[in-house]
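# Reading the structure
Each chain is listed here by its residues.
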Amino acid sequence: MNKKNGLCLSRRQLLLGTGSLALVSLFSPSPIMMAMAKAGMVYEPGSGKWIGTTCNGCTSFCAKQVYIQDGRALHIRGNEHSKVHGTSSCPRQYLALQELYDPDRVRTPMLRTNPEKGRGIDPQFKPISWDEAIKLMADRLMALRERNETHRYVTLRGRYSYLSDLLIKNFTQVLGSPNAITHSALCAEADKLGSFFTEGDWGYRQYDIKDTRYILSFGVDPLSANRQVSYYCSQWGNTLDHAQVAIVDPRFSASAAKADEWLPVVPGQDAALGLALAHQILVDGGWHRPFIGDFKDGQNRFVAGQEVDPEYFDELHSHGLVRWWNLELKEHTPEWAAELSGIEAAQIRRLAKKLADAAPRVQVWRARGVQMQHRGGYTAMALHALNGLLGAIDQEGGVLKWASVPLGEIPSSKKYADEIGQQGLKKEKIDRRGRLEFPALKKGKSGGGVVTNAVAESILTEDPYLPDFVLGYFNNFTFSAPGGQQWEEALKKVPFVAHITTNISEFSWYADLILPAPHFMFERWGIQKTAGNRYTQVSISQPMIKRLGLSVEDECGIPWLIAEELARRGFKDPMRYLITEFKDPETGKEPTNADELALYATKLLTKKLWDPLQYIEGDHFSGWQEFQDKGVWNSKPYSFRKRWSQMKTATKKFEFYSETMKEALEKHAKKHHTDVDQVMEATGYLARGEQAFVPHYEPPFRYGDEKAFPMLFVDHKSRLSREGRSANSFWYQQNLDVDPGARKYADVAKLNPIDAKMLSIEDGDTIRITSIQGSIVCEAALFEGVRPGTVAKAFGQGHWAYGRIASQQFGKIPFGGNNNELLPPVYEQLSGSSAFYGQIGVRVEKV
Ligand SMILES: Nc1nc2c(c(=O)[nH]1)N[C@H]1C(S)=C(S)[C@@H](COP(=O)(O)OP(=O)(O)OC[C@H]3O[C@@H](n4cnc5c(=O)[nH]c(N)nc54)[C@H](O)[C@@H]3O)O[C@H]1N2
Ligand SMILES: Nc1nc2c(c(=O)[nH]1)N[C@H]1C(S)=C(S)[C@@H](COP(=O)(O)OP(=O)(O)OC[C@H]3O[C@@H](n4cnc5c(=O)[nH]c(N)nc54)[C@H](O)[C@@H]3O)O[C@H]1N2
Ligand code: SF4
Ligand SMILES: [Mo]
């Protein structure tokens, strides 16, 4: 029941909540706009200029144009030159303006004067000059060199542009540290594992929704999150005219509100559903024969419970279908899955039939929510295998790859590292990647990926060692990582922490030095990539207004300033690297300052896109100036079916029996002088023997026993969250009710009225949610759109720092509760990903 309406929310109200009406209120004059009007900066259409850039509000990385007038950014729209999303957008784009003009932004470098670190303890930052700031960093780096301990310099990267490899990877390398730690394992690495070990693609997909007939989404809410929200938002209405949509999610999402079916699955049980669908598709003879092949005599021998002789089957572009059936699928009937997933057997059968009827114009989507789970790696594979079975891979109306684009890389710095540096580079990385329990199998390589959240534990236990200097860039792991509390403790232990940031966030609170950052979208150079609508695009960000305060280009400029200071002290290799490798590709000029370095690096990486002499494919430009003016380059349209039997797997085929996984696991086992069963054991999986090489069912691991923690927690993204960065925006708080079941100016946990009644909780009550990790306080919203027994809550609120709107009392009291204080710091270990989902037991009480 909703106290304010005295009614349960109706379906119509839910639809309104997800629709575009909310956009109207985003345009209502804000205090900033009114102040601008007062100051005579009145918006006169036509007198300003639209400039191309990229939004980094989420991983859609849309190409944008920003309207600049009198040096102010006034308006934002999708970039008309983009073939991916054109002028369309999502509601989050405008929040960037309030991020930019946020009065709480950091304007100058600042130094901590209070040595005591803790939440609620004022760091007593005092402003200092860039000169002083850079000298402090150079002091630390030179001292590490003198002690032959350059590996104790650690960089942590959150959100980024492609230029960030300079600051994070290559500059760290030239300084002699192997510790360039990215946020990828907090983001979505387990997702890539699903497509890599089936079709050899360590990457994300695009979905050809223009021409599809059936969309089955496991947890993805494309109108709110995932990748290319702008494109999917603009096309979804048309898609609903020719396709059916089923959304599997314990939570009624914005996309579920517009779907034909909503399947409120038991959290963590998606693999059961996926495997039963595969079973039923085979039993019904519904696989896509032009991709998979057929029984030699055309007679279907897939009968529940019965083994099949592989000799009878001629496989075409896939590998190991019959082995998968024999090892795993034959027992996985819809009845078996119904018991586990809470979805009725009849509904599973009906769905299997619909998918087969629509194949190959079908697409099975999967969100972080189903894969970033303790045993989610095989779920990722199982759900992706459905796309293979239905022949949807690389097909019109199916599931497409992001095209590879001729984008350059930041040049290697390895040869510039001197002897001291080379010693440092040999040290074990701080995140434990590649240890027996952390295979982190990026692209199949043992230790190829990152284990972001393990760094906090490494610091706390000094295993492999204690870092001396941690430089955080565009990250907020104290807030964004599960078990964020351990980052607070870890950062207290590190002798020197610097943070490059726009706002004093929960990470900055523990920093010794704050370095003001330019806003990614308006104040600096950057490069991003996205895909959709059968195109892959590359767009740039560019400085278009005067940078606020004293911020400098961060991804390129900060390395420049440090290199200058190190050179003054006689350590010249870093500067030699920068001036040798980053010459202006048009004039051949060496960079002479931080801004030039950023410009030349942008030109260098994108050269093959804009230089007519190096033209390869896609949009054709007359030169850099035209590319800069347009702001975006589009690939040629997608080439369908080109990868069939040309995949980057061990067999070149789509693998249901993953020889690629087998190779990777065997290599990792060999490195540790053991076998694959021991790897399974060490990574928390129950599979033994050959089961480890096929998509299979693993029971979800439950954190917290059912008695003490009877409900299951379901985390999700808000439509207005720009990762962890938009909560200090007034427009965010004012429009939060665009999420089904949510409220303005509130941080709500959504409870089913059935559960609420049992717990004597009423709509609007203040509640405490407790897990084995911690407790948070927020507001109860009674909402029928959550599966009974679960509690769903958007990530994004619960800031106690960041600014005066985001927190209740800056530096002390959070506004609402941060979900990550409930989530234990656990992993999907094969990919190194943090596990935010699955079965996280919680107790809910009225306060
Ligand atoms: N519970 C829960 N946790 C999640 C998620 C979730 O869905 N649920 N999502 C996860 C995902 S997918 C991701 S990718 C991570 C993201 O997590 P992080 O990579 O940690 O990124 P943010 O939390 O967005 O924090 C970025 C920080 O950079 C600073 N900053 C803001 N704007 C700028 C800028 O323009 N330039 C610079 N230099 N700095 C800036 C601010 O200090 C800000 O706090 O969070 C993860 N955490
Ligand atoms: N609005 C918005 N969009 C974003 C971002 C943002 O901050 N805000 N961030 C971007 C980033 S960094 C990333 S990595 C992508 C990630 O985008 P996705 O990979 O699509 O992942 P999430 O939305 O984080 O996944 C959470 C979803 O899974 C559902 N879920 C949770 N548990 C389960 C379960 O057990 N089973 C099922 N079936 N569903 C479950 C949740 O209800 C929610 O819908 O999104 C990007 N898009
Ligand atoms: S979908 Fe993401 S990247 Fe695109 S406009 Fe919205 S927030 Fe920005
Ligand atoms: Mo992410």
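About the cut-offs
Residues numbered from 1 in each chain as written. Chains lettered and ligands numbered in written order. Predicted model: local features only at pLDDT ≥ 70, side-chain atom pairs only at ≥ 80, totals over all residues. Heavy atoms only, no water. Domains from an automatic or database assignment. Contact = heavy atoms within 4.5 Å. Buried area = accessible area lost by both parts, 1.4 Å probe. Salt bridge = Lys/Arg side-chain N within 4 Å of Asp/Glu carboxyl O. Near = heavy atom within 4 Å. Polar contact = N/O pair within 3.5 Å; in protein donor to acceptor, adjacent residues only side chain to side chain. Areas by Shrake-Rupley, 256 points an atom, 1.4 Å probe, with all protein chains shown as cover. Helix = DSSP H or I, 4+ residues; strand = E, 2+ residues; numbered from the N terminus. Buried < 20%, exposed > 50% of the residue type's maximum accessible area, 1.4 Å probe, protein only. Pairing = 2+ DSSP bridges. Axes fitted to C-alpha atoms, helices over the stretch in contact; angles between N-to-C directions. Disulfide = S-S within 2.5 Å. Nonpolar A, V, L, I, M, F, W, Y, C, P; charged D, E, K, R; others polar.

Another point: the domain arrangement of the chain. Per the domain assignment, the segments of the chain are domain 1 (112-187 + 413-516 + 554-610), domain 2 (192-403), domain 3 (659-693) and domain 4 (702-825). For domain 2 versus domain 3, the distance between C-alpha centres works out to 25 Å. With 12 residues of domain 2 at the interface, the matching set in domain 3 holds 13 residues. For the pair domain 2 and domain 3, the summed buried area comes to about 1,100 Å², and 58% of that belongs to carbon and sulfur atoms. Of all residues in domain 2, F197, R375 and Y378 give up the largest surface area on contact with domain 3, accounting jointly for 51% of the area buried on that side. Here domain 2 is connected to domain 3 by two salt bridges.

Now for the site of ligand 2. R92, D249, D270, S721 and E723 are the nearest of the 34 residues found near ligand 2. Contact between ligand 2 and N226: an oxygen atom at 3.0 Å from a side-chain N or O atom of the residue. Between ligand 2 and Q373 there is a distance of 3.4 Å, counted from an oxygen atom to a side-chain nitrogen or oxygen. For ligand 2, the protein covers 98% of the area, taking 920 Å² as the surface of the free molecule. Those elements giving two or more residues to the shell around ligand 2 turn out to be helix 16 (368-371) and strand 25 (711-717). Considering each element in turn, the shell around ligand 2 owes the most residues, four residues, to strand 25. Both of domain 2 (192-403) and domain 4 (702-825) provide at least three residues apiece to the shell around ligand 2.

Within the fold, R722 resides in the loop between strand 25 and helix 28 (730-734). The buried category is assigned to R722, whose relative accessible area is 0%. Polar contacts involving the side chain of R722 include one to the side chain of E99, which spans 2.8 Å. In this structure R722 touches C55, N56, G57, R92, Q93, L95, A96 and E99, once residues within four positions along its chain are discounted.

In this section: the sheet that holds strand 21 (residues 535-541). Pairing in this open sheet of three strands is antiparallel, and the strands run 20-21-22 from one edge to the other. What marks the edges here is a single partner per strand, and that holds for strand 20 (526-532) and strand 22 (632-634). Neighbour to neighbour, the strand axes of the sheet diverge by 20° on average, direction disregarded. The sheet contact formed by strand 21 and strand 22 spans three bridges and is antiparallel. Of the residues in strand 22, the one forming a bridge with S539 is V632. In the packing of helix 24 (residues 594-610) onto the sheet, the strands contacted are strand 20, strand 21 and strand 22, and the crossing angle to strand 20 comes to about 35°.

Moving on, we get to the pattern of salt bridges. Enumeration according to the criterion identifies 64 salt bridges in this entry. The shortest N-O distance in the salt bridge between K401 and D201 comes to 3.6 Å. Taken together, the positions of K401 in strand 16 (residues 399-401) and D201 in the loop between helix 8 (189-199) and strand 8 (205-207) put the pair 200 residues apart, joining distant regions of the chain. Judged by its relative accessible area of 23%, K401 falls in the partly exposed class. E553 is the salt-bridge partner of R547, the closest N and O atoms lying 4.0 Å from each other. Through salt bridges with shared partners, one network takes in D139, E564, E565, R568 and R569.

Under the defined criterion, the tally for this structure stands at zero disulfides. The thiol sulfur of C233 is not disulfide-bonded, and the nearest other cysteine sulfur, from C90, lies at 6.7 Å. You can call C233 partly exposed: its relative accessible area is 24%.

Take the site of ligand 3 next. Of all residues adjacent to ligand 3, which total 13 residues, the nearest are C55, C58, C62, C90 and R92. Taken together, the residues that form the shell around ligand 3 break down as six nonpolar, five polar and two charged.

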